[in-house]
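# Residue-level structural notes
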Amino acid sequence: MSRPGWGDRLAEVLGTRVVHTASLAGGCVGDVRALETADGRQLVAKLGSGADGALDLEGWMLDYLRAHSDVPVPRVEHAAPDLLIMERVAGSTGLAGDAQEHAAELLAALHGVTTSRYGLERDTLIGGLPQPNAWCPRWVDFFAERRLRWMAAEAYRAGRLDARTRRDVDALSERLSDWLGEPAQPALLHGDLWGGNMLSQRGRVTGLIDPAIYYGHPEVELAFGTMFGTFNERFFAAYRALRPLDPGFFAERRDLYNLYPLLVHVRLFGGSYVDDVRGVVRRFGAC
C-alpha cells in the first residue's frame, strides 16, 4: 500500500497478505481502500490518521445495527481507532428502481426497533463530527438541545456560522413544539441516510454504510432522505403503507428536521449552506 507501514499492519490483523488495493470514494473519517487478500477475501479498509481516531466507533455502530435490526450492513472484521476493516458489499451507491421500495421496507422495520428514551448509550459521529446522544425523555427537547443548538454552536466555533444566524437557530429551537410533536416511541435511526450511504443492486438494498445511529423520531430520517433526492415517491408510497405519516410532514416538519443536516453541512463546508439555514429560520419566523 502507498501509506508506509499499512501493508504490514493489515497483514498482521488479517493473518494473510493483501495482494491488491484500490482507492474508494467516500468516507469523512479515514482513507477508504478496497482490499483483496491472498486467501481470496474482498474487504474494505478505512485507514485513520492515528490512535486518536474514531473508526472503532464506526465499527461499533455497524455492529449495533447488525445486532438490533435486520438492515444489511457490512460485517466488521476489525475495529480500532485508526483502522476499520469490513466485508466488501456488492452494489453501487443510490436507490434505482425497485430498490426504493426495498429501502422503504427496511427502514419501516428499522424504525420499529424502539426503546424508552431518545439518544443512545454512547455519543456517535456524523460526517466525522461529534454527535451527542445523552438520553432525554422528550424528543422535542432532544432535537433542540442535542441537535440544533449543538451543531449551530459547533459551526459558530469553527467560524462557518455567524453569530446572528446562530442566535436565530437558538430562538427557533425554543419554539419547536409549535410544529413538532412526540412520536409514539423512540425509533432506531441510521442517522445519515442519503444516496452515498446506501448500496443497491438489481432492485435490492445490499448495504447501509457510514451510520450515525441514535433513537429518535423516524421523521428526521425521512426528511434527510429528501434533501438530496435519495427517497422518491415510490419510497414514500411503500413506507406509508407500512408506517403512516402524520399530516404536515412534507409541508412543514420536513424543513425543520432538515435544519440539522444543513447545520452539519455548514460546519463541514460553510458556503451556500449558511443561506439555506437562514432560509429555514426565516420561514418559521425566528428572525
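Before reading further, recall that the structure is shown in the block above.
Residues numbered from 1 in each chain as written. Predicted model: local features only at pLDDT ≥ 70, side-chain atom pairs only at ≥ 80, totals over all residues. Heavy atoms only, no water.

### What to know about the packing of aromatic side chains
On inspection of all chains with the given rule, the structure shows 20 aromatic pairs. The interplanar angle of 85 degrees and the centroid separation of 5.1 Å between the aromatic rings of Phe 235 and Phe 236 together place this pair among those described as edge-to-face. The exposure classification of Phe 235 matches that of Phe 236, with both residues buried. Among the aromatic residues, those joined into a cluster by ring pairs are Tyr 118, Trp 139, Phe 142, Phe 143, Tyr 214 and Tyr 257. Between the NZ or CZ atom of Arg 122 and the centre of the ring of Trp 60, over which it lies, the distance is 4.8 Å. Across the ring face of Tyr 214, the terminal group of Arg 147 is positioned such that the distance to the ring centre comes to 4.1 Å. (Phe/Tyr/Trp six-rings, centres within 6.5 Å; stacked < 30°, edge-to-face > 60°. Buried < 20%, exposed > 50% of the residue type's maximum accessible area, 1.4 Å probe, protein only. Lys NZ or Arg CZ within 6 Å of the ring centre and 35° of its normal.)

### Things to note about the pattern of salt bridges
Overall, the coordinates contain 22 salt bridges when judged by the stated rule. The salt bridge partner of Arg 234 is Asp 98, with a shortest N-O separation of 2.5 Å. Taken together, the residues span a long stretch of sequence, with Arg 234 in helix H7 (residues 233–242) and Asp 98 in the loop between strand E6 (92–93) and helix H3 (99–110) at a distance of 136 residues. The class of Arg 234 is partly exposed, set by a relative accessible area of 35%. In this structure, a network of salt bridges that share partners links the residues Arg 66, Arg 75, Glu 77 and Glu 87. (Salt bridge = Lys/Arg side-chain N within 4 Å of Asp/Glu carboxyl O. Helix = DSSP H or I, 4+ residues; strand = E, 2+ residues; numbered from the N terminus.)

### Looking at helix H2 (residues 55–68)
With 14 residues, H2 extends 20 Å between its outermost C-alpha atoms, agreeing within 8% with the 20 Å of an ideal straight helix rising 1.5 Å per residue. For H2, the full list of buried residues reads Leu 55, Leu 57, Glu 58, Gly 59, Trp 60, Met 61, Leu 62, Tyr 64 and Leu 65. (Expected span 1.5 Å × (residues − 1).)

### What to know about empty space enclosed by the protein
Unoccupied space between atoms shows up once a probe the size of one water molecule is rolled over them. Taken as a whole and judged by the stated rule, the model has one cavity of 30 Å³ or more. As a volume, the largest cavity reaches approximately 90 Å³. Lining of the largest cavity is provided by Ile 126, Leu 189, Gly 191, Asp 192, Leu 193, Tyr 214, Val 220, Glu 221, Phe 224, Tyr 260 and Pro 261. For the lining of the largest cavity, the secondary-structure elements that each account for two or more residues are helix H6 (218–227) and helix H9 (259–269). Element by element, the count of residues in the lining of the largest cavity is highest for H6, at three residues. Tallied by class, residues from the lining of the largest cavity come to eight nonpolar, one polar and two charged. (1 Å grid on protein atoms, 1.4 Å probe; cavity = no way out; pocket = protein on both sides within 12 Å on 5 of 7 lines; lining within 4 Å. Points joined across faces, edges and corners; volume = space filled by probe spheres on them. Nonpolar A, V, L, I, M, F, W, Y, C, P; charged D, E, K, R; others polar.)

### A short note on the sheet that holds E6
Read across the open sheet, the three strands follow the order E6-E10-E11; overall the sheet is antiparallel. For this open sheet the edge positions go to E6 and strand E11 (204–208), each flanked by a neighbour on one side alone. (Pairing = 2+ DSSP bridges.)

### Considerations on the sheet that holds strand E1 (residues 18–23)
Taken in spatial order, the five strands line up as E1-E2-E3-E5-E4 in an open sheet, and their pairing is antiparallel. With one partner strand each, in any of the chains shown, E1 and strand E4 (76–80) form the two edges of the open sheet. Across this sheet, the average inter-strand angle for adjacent strands is 25 degrees, counted without regard to direction. With six bridges connecting them, strand E2 (residues 31–37) and strand E3 (residues 42–47) associate as antiparallel partners. Directly across from Ala 34, in E3, lies its bridge partner Val 44. Sheet strands in contact with helix H1 (residues 6–14) are E1, E2, E3, E4 and strand E5 (83–87), and its direction is about 55 degrees off that of E5. This element, H2, spans E3, E4 and E5 of the sheet and lies at about 145 degrees to E4. (Axes fitted to C-alpha atoms, helices over the stretch in contact; angles between N-to-C directions. Contact = heavy atoms within 4.5 Å.)

### A word on the layout of surface pockets
Volume-wise, the second largest pocket comes out at about 340 Å³. Of the residues forming the lining of the second largest pocket, the biggest block, three residues, is contributed by H6. Taken together, the residues of the lining of the second largest pocket sort by class into nine nonpolar, five polar and five charged.

### Things to note about the packing of helix H8 (residues 249–257) against H9
Viewed as axis vectors pointing N to C, H8 and H9 meet at an angle of 30 degrees, and their least axial separation amounts to 4 Å. By the angle between their directions, the pair H8 and H9 is classed as roughly parallel. On H9, the residues touching Asp 255, Leu 256 and Tyr 257 of H8 are Leu 259, Tyr 260 and Pro 261. Residues belonging to the contact of H8 with H9 are distributed by class as follows: five nonpolar, no polar and one charged. (Parallel < 35°, antiparallel > 145°, perpendicular 65-115°, else oblique.)

### Regarding the packing of H3 against H7
Between two packed helices, what matters for the description is the angle formed by their axes and the separation of those axes. Closest axis-to-axis distance for the H3/H7 pair is 8 Å, and the angle between their directions is 35 degrees. The chirality of how H3 crosses H7 is right-handed. On the side of H3, the interface is formed by Gln 100, Glu 101, Ala 103, Ala 104, Glu 105, Leu 107 and Ala 108, while H7 contributes Arg 234, Phe 235, Ala 238, Tyr 239 and Leu 242. Looking at the contact of H3 with H7 residue by residue, the classes come out as eight nonpolar, one polar and three charged. (Left-handed = near helix turned anticlockwise from the far one by under 90°.)

### Let's talk about the environment of Phe 269
Relative to the helices and strands, Phe 269 is located in helix H9. On the basis of relative accessibility, which here comes to 52%, the residue Phe 269 falls in the exposed class. With 191 residues separating them in the primary sequence, Phe 269 and His 78 have C-alpha atoms 31 Å apart.

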